[in-house]
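Chain and residue survey
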Amino acid sequence: MRSPKIISSAQQHEAYIQRLLELQQKAHRTTEETKTAKLLIAVIADYEAKYFTVEEVSGVEVLKELMDVNGLRQKDLADDLGGESVVSLILKEKWQLNRQQMKELSQRFHVSPAVFF
């Protein structure tokens, strides 16, 4: 592959992602492949910043989505968050998640605690 250029189409974006994935899966990359991977990351990030919007969501919205995806109900999180009434207040956004609760949730769902801020 030639040196990556600024991405100008969705197809080129997809091709660059595929190439980057291939490079990341290699156990041992050459110096040139490492440089190419870094360039790919930069041009992909630039393209995505221009053409993909990321909607900001609250930690509670993230929690609700994780619960839905994992088929969980409020009572399933009671032990992690301090009781069913606490879960209810958090989901109604009447109470904010504290650091310990974020840590518990991040471990349960295998995500960064930052998603709950």
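This text goes with the structure placed above it.
First, a word on scope: everything that follows refers to the structure included in this document. This structure is a prediction, so every number in the text was calculated from the model and none was measured. (Residues numbered from 1 in each chain as written. Predicted model: local features only at pLDDT ≥ 70, side-chain atom pairs only at ≥ 80, totals over all residues. Heavy atoms only, no water.)

A few words now on the environment of Gly 82. Residue placement: Gly 82 occurs in the loop between helix H4 (78-81) and helix H5 (84-91). Counting along the chain gives 19 residues from Gly 82 to Gln 101, while the straight-line C-alpha distance between them is 8.4 Å. (Helix = DSSP H or I, 4+ residues; strand = E, 2+ residues; numbered from the N terminus.)

The next subject is the packing of helix H1 (residues 10-25) against helix H2 (residues 31-51). Where H1 meets H2, the axes come as close as 10 Å, and the angle between the chain directions of the two elements is 145°. The crossing of H1 and H2 is left-handed. Contacts from Ala 10, His 13, Tyr 16, Ile 17, Arg 19, Leu 20 and Leu 23 in H1 reach Glu 33, Thr 36, Ala 37, Leu 40, Ile 41, Val 43, Ile 44, Tyr 47 and Glu 48 in H2. (Axes fitted to C-alpha atoms, helices over the stretch in contact; angles between N-to-C directions. Left-handed = near helix turned anticlockwise from the far one by under 90°. Contact = heavy atoms within 4.5 Å.)

Note that an α-helix has 3.6 residues per turn; residues three or four places apart therefore point the same way. Within helix H3 (residues 59-69), the full set of buried residues consists of Gly 59, Val 60, Val 62, Leu 63, Leu 66 and Met 67. Buried residues in H3, looked at end-on, bunch into an arc of 155°, giving them a common side. Set apart from the buried face of H3 by more than 90 degrees, the exposed residues are Asp 68 and Val 69. Of the surrounding secondary structure, the elements contacted by the buried residues of H3 are H4, H5 and helix H6 (99-109). The first or second residue beyond H3 is Gly 71, which carries a positive phi of 65°. (Buried < 20%, exposed > 50% of the residue type's maximum accessible area, 1.4 Å probe, protein only. Arc of directions from axis to C-beta.)

It is worth spelling out the nonpolar core at this point. Membership of the largest hydrophobic core comes to 16 residues, with the highest contact counts inside it found for Leu 63, Leu 77, Leu 81, Ile 90, Leu 97, Leu 105 and Phe 116. Mapped onto this core, the elements with two or more residues apiece are H3, H5 and H6. Broken down by element, the residue count for this core peaks at five residues, all from H3. Leu 97 has contacts with Leu 81, Ile 90, Met 102, Leu 105 and Phe 116, leaving out every residue within four places of it along the chain. (Core = buried A, V, L, I, M, F, W, Y, C linked by side-chain atoms within 4.5 Å.)

Geometry only, nothing functional implied.
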